[in-house]
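Results of the structural survey
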Amino acid sequence: MEKGNPDAGWAVLNRLHLPRGQLNALPVESEFERISAGIAEARHSANHSWRQLLFAQPNWRKRVLLACGMQVFTQCSGTNVLQNYNPGLYRSLGLSQSTSLILQGIWGALAQFWNTVFILFIDRVDRRKLLIPSLLGMGATMCVEAILGQVYNNFESVASPNHSAVRAAIAVFFVFSFFYTSLGLISWIYQSEIFPTAIRARGSSVATATNWSLNLVFAQCSPIAQSRIQFKYFYCFAAFNWVAAGLVWTFYPETAGKSLEEIDRLFTAETSMPAYDADKPHVSLPNSKAKDSLVVFSTQDTT
């Protein structure tokens, strides 16, 4: 439809909405008109500059901020600090280099496992219901990690280290991996859902640039922070995650299971969008054999 072939679009909608010989064409007409209106609006408001992306419409700017915020949450969760510096963290717990590298390999394999598991049901659960527990859980694990390091004096000054505490500190890293999975997946899904076609490419690029810019900042600053404040550094990530959970609860609308038109209404403050509005230009339906063959009917009580 976007490429000027409405008949092909009608045929696709016909297959989607009219399975097994169903003949009621009203859902097809309604969806066709909504999609056509959305395409026309996207062409009318096509974005041609970065200035237009940020200042043309307030709801566009809000979407950019939400997408960038989601990427900020991923970096401020602490996941890349753990991923990049886990071998050094393990050695600070008294483990040998070979054991540290083995644990790092297990960390990577486990992350792949959790991603595979979450992919199976990520579209069956609301985004917010996955994000908020994820952020709260990561904050809790980082707080526990910092407390363990503080109580046991960074695991360094005792003559005979508490091996149970060391094992607990390592286990917390793997618990963090579980909680991070939801945020790691949804951060990329969410930014692709909230942008309309006109600004999706530019908006997603800004959000992605935000992610990698913060990645660079943490990569440069984390070794300094770990050497100076040691395990207290994890308190910062605990605070980041808990604040992020509050921001998601307050500002991030639910997008799971919604069409692009429904998501657009979330940001344009429209409460309803009827299938046909007489005050708006009517979108002509295609004159195709597929449409002509449809019969609109209603079931009547014959008793």
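Bear in mind that the values here come from a model prediction, so they are computed numbers and not experimental data. (Residues numbered from 1 in each chain as written. Predicted model: local features only at pLDDT ≥ 70, side-chain atom pairs only at ≥ 80, totals over all residues. Heavy atoms only, no water.)

**Topic: the environment of alanine 207**
Mapped onto the elements, alanine 207 comes out in helix 9 (residues 200-228). Judged by relative accessible area, which is 0%, alanine 207 ranks as buried. Sequence-wise, alanine 207 and valine 72 are 135 residues apart; in three dimensions their C-alpha atoms are separated by 8.7 Å. For alanine 207, the residues in contact, after removing those within four places along its chain, are Ala67, Cys68, Gln71 and Gln191. (Helix = DSSP H or I, 4+ residues; strand = E, 2+ residues; numbered from the N terminus. Buried < 20%, exposed > 50% of the residue type's maximum accessible area, 1.4 Å probe, protein only. Contact = heavy atoms within 4.5 Å.)

**Details of unusual backbone geometry**
Even without a glycine there, the phi angle at glutamine 230 is positive, about 55°. Note that glutamine 230 resides in the loop between helix 9 and helix 10 (233-251). For glutamine 230, a relative accessible area of 33% translates into the label partly exposed.

**Describing the packing of helix 4 (residues 58-76) against helix 10**
The interhelical angle for the contact between helix 4 and helix 10, taken along N-to-C directions, is 155°, at an axis separation of 9 Å. Between helix 4 and helix 10, the interaxial angle falls into the category roughly antiparallel. The handedness of the crossing between helix 4 and helix 10 comes out as left-handed. Along the contact surface, helix 4 presents Leu66, Phe73, Gln75 and Cys76, while helix 10 presents Phe237, Phe240, Asn241, Ala244, Leu247, Val248 and Phe251. (Axes fitted to C-alpha atoms, helices over the stretch in contact; angles between N-to-C directions. Parallel < 35°, antiparallel > 145°, perpendicular 65-115°, else oblique. Left-handed = near helix turned anticlockwise from the far one by under 90°.)

**Digging into the UniProt feature "transmembrane region" (unreviewed entry) in the protein chain**
When the UniProt feature table is mapped onto this chain, "transmembrane region" (unreviewed entry) is found at residues 102-123, 130-148, 168-190 and 233-252. Segment residues 130-148 splits into 100% helix and 0% strand. End C-alpha atoms: 27 Å apart. Here residues 168-190 runs as 100% helix and 0% strand, with 34 Å between its end C-alpha atoms. (UniProt positions renumbered as here; feature names shortened; annotations may be inferred.)

**Quick word on the nonpolar core**
Counting 52 residues, the largest nonpolar core has Leu82, Leu183 and Phe234 as the members making the most contacts within it. Those elements that provide at least two residues to this core are helix 4, helix 5 (79-92), helix 6 (97-119), helix 7 (127-151), helix 8 (163-194), helix 9, helix 10 and helix 11 (260-268). With 11 residues, helix 8 is the single largest residue contributor to this core. Contacts of leucine 183, omitting those with residues within four sequence positions, involve Met70, Phe73, Thr74, Ser77, Leu131, Ser134, Leu135 and Met138. (Core = buried A, V, L, I, M, F, W, Y, C linked by side-chain atoms within 4.5 Å.)

**Here we look at the packing of helix 7 against helix 10**
Here helix 7 crosses helix 10 at 160°, and the two axes come no closer than 8 Å. Judged by the angle between their axes, helix 7 and helix 10 are roughly antiparallel. When the axes of helix 7 and helix 10 are compared, the crossing they make is left-handed.

**As for the side chain of arginine 127**
Looking at where arginine 127 falls in the secondary structure, it is placed in helix 7. Discounting chain neighbours no more than four positions away, the residues touching arginine 127 are Ile122, Ile186, Ile189, Glu193, Glu254, Thr255 and Ala256.

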